[in-house]
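Residue-level structural notes
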Amino acid sequence: MDSEKVVRAMARWWQTVSQEDGEGNARNPMLYDPLHDGVVKTSKTRQYLAALIICLGAVSAGTALAWTSPVFPQITKAENSTTGNSTTSNFSSGNSSIANATIANATTTWVSSLLAIGAFFGALPTGYIADTIGRRYTAMVMDVPFILAWLSISFAQSVGWLYLGRFLIGVSTGSFCVVAPMYISEIAETSIRGTLGTLFQLLLTIGILFVYLVGSLISWQTLSLLCLSFPILLLLGLFILPETPVYLLKKGRRSEAALALKWLWGRYCDSRSAIQVIQNDLDQTGADASIMDLFSNRGSRKGLIISVLLMVFQQFSGINAVIFYTVTIFQSAGSTLDASLCSIIVGVVQVIMTLTSSLLIERAGRKMLLIFSSSVMTICLAILGAYFNMKDGGKDVSSIGWLPLLCVALFIISFSVGYGPIPWLMMGELFLPDVKGTAVSLTVMLNWVCVFVVTKGFSTMNEALGSDFTFWFFASWMAVATIYVALAVQETKGKTAGQIQNWLSGN
């Protein structure tokens, strides 16, 4: 029996040497696939580690998104503090001080909006950069604006420095919305691709919760310095991660791809078979495709339509509107909780339910969770619209104050298990490597356009149409989302890239 194992090991060794004979790393022992008791084994530990490290970019993005919530009350208070009949300010804008509430409100609006604008421009080139220098080096490069941004904000002496910091944070946020899902989708085994894919949204919510928890306890400068720690940890972590095997194979660096796969999947994985599967997918595509190829190829075009619509549905779910009204709804239910505690409760629920989604994703599947998510959100939004219609109409709603509170809880739960994480996950699954960079960049850009439109248009719609029609507007979007996913989207759980492309291409 022992002699048979030796013979098989020698045969495997010779086959590997023969396949890799022309490469510089051909005789690296790590390239061989040794048999461990005759069984090929893979390890998932380093796949989780790699995904967690790259998703520190999501934590950084989450802290950036939530930063305004505890900071604006401090900044506007500082800008409008009065001494006698004169107004004092901690900031200067150009050569003049910020002197009144109107300017302060305009300032905070721009500080908020610049993140979305920066994210749009950050997503724009990231796909191309990732295809040129690799996913790992792109993450390193785009982490630098995060660090510079928090330094700019932490030591800001004028509003201009806040503007610069928020724009740079937006650039990095938009970039990591592209590169992190790409990296995760290219390192994960099929069996855990869904779980790893939901980590981006999970760590984003953790970043938001971190700011909610500590933001009300410390000064905004100290908070900004604490937020700086996450991109620094990310940069350090990226030095230990390998490039994705998909990118390395795409560049013809087969030996390095095998080494990367061994690092990620474990020494006893069947790297040759895995490399061959990736190579087969690459052989279907050839060289990097142009943006026109993305629209002319049926599979790529359909993948882009699905990915973009899922992002549109995510933003038009009304999540921002519901969170905006959380305090009002809590008060309607007779709660005396202050705004910061309401935000913390919302943040905790989002983290717990996004974690639940990561545990359910490979069991329930993407499609089932999306349909569940949009169906429940449709009902909750419709009820919230009816509640505000009665309340604004002068009817006594004190006896049903608990109803909108229940709707908010169910809405946040359903969003967190479905339309929160899954669009980011599926965005990384629906494209082959030749178009992935371009397609993901376009999808993320349109996502941030939707963020900007919904954020800017919400207050206008609320004033013009009222709270009831605003919630009904978002409810109609979720109803459309339910029908669309039920009819046009197939399950991708457990499917290889080739199988997904066969479905998208109609084969």
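Residues numbered from 1 in each chain as written. Predicted model: local features only at pLDDT ≥ 70, side-chain atom pairs only at ≥ 80, totals over all residues. Heavy atoms only, no water.

Structural notes on the overall build of the chain
Along its length, the chain carries 24 helices and four strands. Every one of the 507 residues in the chain was classed for burial, and the buried ones make up 53%. Of the contacts made within the chain by residues no fewer than 6 positions apart, 81% connect residues no fewer than 24 positions apart. Counting every atom, the chain has about 21100 Å² of accessible surface; 65% of that belongs to carbon and sulfur. (Helix = DSSP H or I, 4+ residues; strand = E, 2+ residues; numbered from the N terminus. Buried < 20%, exposed > 50% of the residue type's maximum accessible area, 1.4 Å probe, protein only. Contact = heavy atoms within 4.5 Å. Areas by Shrake-Rupley, 256 points an atom, 1.4 Å probe, with all protein chains shown as cover.)

Notes on the nonpolar core
Core analysis: the biggest nonpolar cluster contains 138 residues, and Trp-67, Trp-150, Tyr-419 and Val-444 have the highest contact counts within it. For this core, the leading source of residues is helix α7 (residues 159–187), giving 12 residues. Not counting residues within four places of it along the chain, the set of residues in contact with Trp-150 comprises Thr-63, Ala-64, Trp-67, Ile-169, Ser-224, Cys-227, Leu-228 and Pro-231. (Core = buried A, V, L, I, M, F, W, Y, C linked by side-chain atoms within 4.5 Å.)

A short note on the packing of aromatic side chains
According to the stated counting rule, one finds 16 aromatic pairs in the structure shown. Both rings, one in Phe-469 and one in Trp-472, keep their centres 5.2 Å apart while their planes meet at 85°; by these two values the pair is edge-to-face. Note that Phe-469 and Trp-472 are positioned in helix α23 (residues 467–488) at a spacing of three residues, about one turn of the helix. By relative accessible area, Trp-472 is classed as partly exposed at 29%. On the numbers, 6.4 Å between centres and 70° between planes, the contact of Phe-473 with Trp-477 is edge-to-face. Of the two residues, Phe-473 and Trp-477 both sit in helix α23, four residues apart, roughly one turn of that helix. Its relative accessible area of 29% is what places Phe-473 among the partly exposed residues. A relative accessible area of 25% places Trp-477 in the partly exposed class. Grouped by ring-pair contacts, the aromatic residues Phe-313, Phe-316, Tyr-419, Phe-473, Phe-474, Trp-477 and Tyr-484 constitute a single cluster. The ring of Trp-263 has Arg-46 lying over it, and the distance from NZ or CZ to the ring centre is 4.7 Å. Taking NZ or CZ as reference, Arg-136 lies 5.2 Å from the ring centre of Tyr-137, over its face. (Phe/Tyr/Trp six-rings, centres within 6.5 Å; stacked < 30°, edge-to-face > 60°. Lys NZ or Arg CZ within 6 Å of the ring centre and 35° of its normal.)

Some words on the environment of Ala-382
Mapped onto the fold, Ala-382 is located in helix α19 (residues 366–392). Ala-382 gets classed as partly exposed once you look at its relative accessible area, which sits at 32%. Sequence spacing of Ala-382 and Thr-470 is 88 residues, and the spatial spacing of their C-alpha atoms is 10.0 Å. Not counting residues within four places of it along the chain, the set of residues in contact with Ala-382 comprises Trp-472 and Ala-475.

Points about the packing of helix α18 (residues 339–364) against α19
The interhelical angle for the contact between α18 and α19, taken along N-to-C directions, is 120°, at an axis separation of 7 Å. Taken together, the axes of α18 and α19 are oblique relative to one another. The segment α18 lies against α19, with Ser-357, Leu-360, Ile-361, Glu-362 and Ala-364 engaging Arg-366, Met-368 and Leu-369. When the residues that make up the contact of α18 with α19 are grouped by side-chain class, the tally is five nonpolar, one polar and two charged. (Axes fitted to C-alpha atoms, helices over the stretch in contact; angles between N-to-C directions. Parallel < 35°, antiparallel > 145°, perpendicular 65-115°, else oblique. Nonpolar A, V, L, I, M, F, W, Y, C, P; charged D, E, K, R; others polar.)

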